[in-house]
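Now for the letters of each chain:
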Protein chains: 2
Amino acid sequence: MFTLHDRLKADTTEIAKLRLSIALLMNDSSFPWVILVPMRAGVRELHDLAPPDRAVLMEETAAASRAIERLYRPDPINIGALGNIVPQLHIHVVGRNKKDRAWPGPVWGSGAPVPYPEAALKAALASLKKAFQDELARF
Amino acid sequence: MFTLHDRLKADTTEIAKLRLSIALLMNDSSFPWVILVPMRAGVRELHDLAPPDRAVLMEETAAASRAIERLYRPDPINIGALGNIVPQLHIHVVGRNKKDRAWPGPVWGSGAPVPYPEAALKAALASLKKAFQDELARF
């Protein structure tokens, strides 16, 4: 049975459950940062997923990317599946900005997270949830 | 018309042309590092690709991941599409090793590449080309 890895649970808040993945918001207001976790037990690498799940994951990743683009107008969007620290397949989708703290390097390992104030967290979750619904309705 | 970005051309050697992407080997022997570039003009983000192309890209990415796993036995595989420096959509697929120079951080921006000696480059290209053929034949 699928259970979300403790580290992901600690670092994020749930936006919504999609068809395959839980969409999470990373609690770091430095970047618009969504994490998708396919709800499949024991999956570590992309190639461990069955091909039909991979196809859904690609569309959910594209939806996250478009949602972030619409809401935050970043330049560009970084997508990554690393697994060096958390051995449960998860896809980062992160809007970047030329003035953000990690630019032009990657966000992973770039420093301590800056947690959202409570009202800003609620607002981000609500707008991302709505944007996911809109984007996934297009497929 | 699609042309490969100069920076990618300078840093890599072609492994093979797949159905959608050129598969390139990053000329850095520190990591088994493949880059996939969809042969579509003007595409920057994953969500700029048409959905059928995205489906093919997912399968080519999984094939690269499995090829690297079979040949190099890494733990784990890092996948990334960043575009902070090169604004042409390209997917990194990198085998990681707990003793590599960037562990557990990301490979991007982790230091100067260590070019392959000529014979090792040829051998890596040949074994990756064969592994891609085997993996893509499975789909």
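About the thresholds
Sequence order as written defines the numbering, with residues in each chain counted from 1. As they are written, the chains are lettered A onward and the ligands numbered 1 onward, keeping that order. Totals for whole chains, interfaces and linings use every residue, but because this is a predicted model, local features are given only for residues with pLDDT of at least 70 and side-chain atom pairs only at 80 or more, for both listing and counting. Only heavy atoms go into the side-chain values, all of them from the structure, while hydrogens and water stay out. Note on conventions: DSSP H or I runs of at least 4 residues are helices, E runs of at least 2 residues are strands, and numbering of each starts at the N terminus. We compute the radius of gyration from the C-alpha atoms alone; for a globule the expected value is 2.2 Å times N to the 0.38, where N is the number of residues. Note on exposure labels: buried denotes an accessible area under 20% of the residue type's maximum, exposed denotes more than 50%, and partly exposed covers the range between, all computed with a 1.4 Å probe on protein chains only. Here, residues are in contact when the closest pair of their heavy atoms is within 4.5 Å. Using a 1.4 Å probe, accessible areas were evaluated by the Shrake-Rupley method; residue-level cover was limited to the displayed protein chains. The sign given to each residue is positive for Lys and Arg and negative for Asp and Glu; His and the chain ends receive no count. A single reference atom marks each charge: NZ on Lys, CZ on Arg, CG on Asp, CD on Glu. A 1.4 Å probe defines the accessible area here, and the buried area is the portion of it lost by two parts on being joined, summed over both. Whenever Lys or Arg places a side-chain nitrogen within 4 Å of a carboxyl oxygen from Asp or Glu, that contact is recorded as a salt bridge. Polar contact is defined as a pair of N or O atoms within 3.5 Å, subject to the rule that within protein one atom must be able to donate a hydrogen and the other to accept it, and that residues adjacent in sequence are counted only when both atoms are side-chain atoms. Side-chain classes follow a simple rule in which Ala, Val, Leu, Ile, Met, Phe, Trp, Tyr, Cys and Pro form the nonpolar group, Asp, Glu, Lys and Arg form the charged group, and the remainder, Gly included, forms the polar group. Each Phe, Tyr or Trp ring (for Trp, its six-membered ring) is paired with any other whose centre lies within 6.5 Å, and the angle between the two planes then decides the class: stacked below 30 degrees, edge-to-face above 60, tilted in between. Between N-to-C directions, angles cover 0 to 180 degrees, with each direction set by a line fitted to C-alpha atoms, over the stretch in contact for helices. By definition in this entry, angles of less than 35 degrees are roughly parallel, angles greater than 145 are roughly antiparallel, angles of 65 to 115 are roughly perpendicular, and the rest are oblique. Rotating anticlockwise by less than a right angle from the far helix to the near helix defines a left-handed crossing, while the corresponding clockwise rotation defines a right-handed one. Multiplying 1.5 Å by the residue count of a helix minus one yields the expected span of that helix. Starting at the helix axis, one direction is taken to each C-beta atom, and the arc is that of these directions. Two strands pair if DSSP finds at least two bridges between them. Least-squares fitting of one copy onto the other uses the C-alpha atoms of those residues that reach a pLDDT of at least 70 in both copies.

**Looking at the overall build of chain A**
Within chain A, the regular secondary structure consists of 3 helices and 5 strands. When the helices and strands of chain A are placed in sequence order, the string is α-β-β-β-α-β-β-α. A compact globule built from 139 residues should have a C-alpha radius of gyration of about 14 Å, and chain A, at 14 Å, falls within 12% of that. Along the first, second and third principal axes, the C-alpha set of chain A runs to 40 × 35 × 30 Å. Counting every position in chain A, which comprises 139 residues, the buried fraction comes to 55%. If you take every contact in chain A between residues at least 6 apart in sequence, the share linking residues at least 24 apart comes to 59%. Entry remark: accessible area of chain A is about 6,300 Å², with carbon and sulfur atoms responsible for 56%. When the 18 basic and 15 acidic side-chain charges of chain A are each reduced to a single mean position, those positions are 3 Å apart.

**As for the interface of chain A and chain B**
You'll often see interface size given as the accessible area lost when the parts meet. Taken together, the 30 residues of chain A in the interface contact 30 residues of chain B. Here chain A and chain B share an interface that buries about 2,700 Å² over both sides, 57% of which is from carbon and sulfur atoms. In terms of surface lost to chain B, no three residues of chain A exceed His47(A), Met58(A) and Asn84(A), which account for 25% of the buried area on that side. Seen at the junction of chain A and chain B, the total is 2 salt bridges. Its salt-bridge partner being Glu59(A), residue Arg54(B) comes within 2.6 Å of it at the nearest N-O pair. Inspection of the region where chain A meets chain B yields 17 residue pairs in polar contact (both at pLDDT 80 or more). Contributions of two or more residues to the side of chain A that touches chain B are made by α2 (51-72) and β4 (77-81) of chain A. Broken down by element, the side of chain A that touches chain B gets its largest block of residues, 10 residues, from α2(A). Of the residues in the side of chain A that touches chain B, the class split is 16 nonpolar, 8 polar and 6 charged.

**Some remarks on the packing of aromatic side chains**
Within the structure shown, the criterion is met by 3 aromatic pairs over all chains. Each ring, one from Phe31(A) and one from Trp33(A), has its centre 5.8 Å from the other, and the planes form 75°; the classification is edge-to-face. On the basis of relative accessibility, which here comes to 1%, the residue Phe31(A) falls in the buried class. Geometrically, the ring pair formed by Trp108(A) and Trp108(B) is tilted, given 5.9 Å between the ring centres and 45° between the ring planes. Taken together, the positions of Trp108(A) in the loop between β5 (91-95) and α3 (118-137) and Trp108(B) in the loop between β5 (91-95) and α3 (118-137) put the pair across two chains.

**Describing the side chain of Arg66(B)**
Positionally, Arg66(B) belongs in helix α2 (residues 51-72). Reaching out from Arg66(B), the side chain makes a polar contact with the side chain of Glu135(B) at a distance of 3.0 Å.

**Considerations on the packing of α2(B) against α3(B)**
Residues and elements named next belong to chain B. For the pair α2 and α3, the least separation of the axes is 9 Å and the interaxial angle reads 125°. As the angle between them shows, α2 and α3 are arranged oblique. Our pair here, α2 against α3, has a crossing hand that is right-handed. Contacts between α2 and α3 involve Glu 59, Glu 60, Ala 63, Ala 64, Arg 66, Ala 67, Ile 68, Arg 70, Leu 71 and Tyr 72 on the former and, on the latter, Ala 124, Ser 127, Leu 128, Ala 131, Phe 132, Asp 134, Glu 135 and Leu 136. Among the residues forming the contact of α2 with α3, the class breakdown is 11 nonpolar, 1 polar and 6 charged.

**Structural notes on α3(A)**
Residues and elements named next belong to chain A. With 20 residues, α3 should reach 28 Å at 1.5 Å per residue; the first-to-last C-alpha distance of 29 Å fits that figure. Listing the buried residues of α3 in full gives Leu 121, Ala 124, Leu 125, Leu 128, Ala 131, Phe 132 and Glu 135. Viewed end-on, α3 has its buried residues packed into an arc of 140°, placing them on one side of the element. α3 presents Ala 119, Lys 122 and Ala 137 as exposed residues on the side facing more than 90 degrees away from its buried surface.

**Concerning the pairing of β5(A)**
Residue and element names in this part refer to chain A. Burial within β5 is extensive, with 5 of its 5 residues counted as buried. In the sheet, strand β3 (residues 33-38) pairs with β5 via 4 bridges, with the strands oriented antiparallel. In the sheet register, Leu 36 faces β5, and the bridge partner there is Ile 91.

**Regarding the packing of α2(A) against α2(B)**
In contact at an axis separation of 9 Å, α2(A) and α2(B) are set at 115° when each is read in the N-to-C sense. Where α2(A) crosses over α2(B), the two elements pack in a sense that is right-handed. Residues Pro51(A), Arg54(A), Leu57(A), Met58(A), Glu59(A), Ala62(A) and Arg66(A) of α2(A) lie in contact with α2(B), whose contacting residues are Pro51(B), Arg54(B), Leu57(B), Met58(B), Glu59(B), Ala62(B) and Arg66(B).

**Focus: the relation of the copies chain A and chain B**
For these two chains of identical sequence, chain A goes onto chain B by a turn of 180° and a shift of 0.0 Å along the axis, with RMSD 0.0 Å. The relationship between the two copies is best expressed as a two-fold rotation axis. Minimal C-alpha distance to the rotation axis in chain A is attained by Gly80(A), lying at 2.1 Å. In this assembly, 100% of the residues forming the interface of chain A have copies in chain B that are likewise at the interface, indicating an isologous arrangement.

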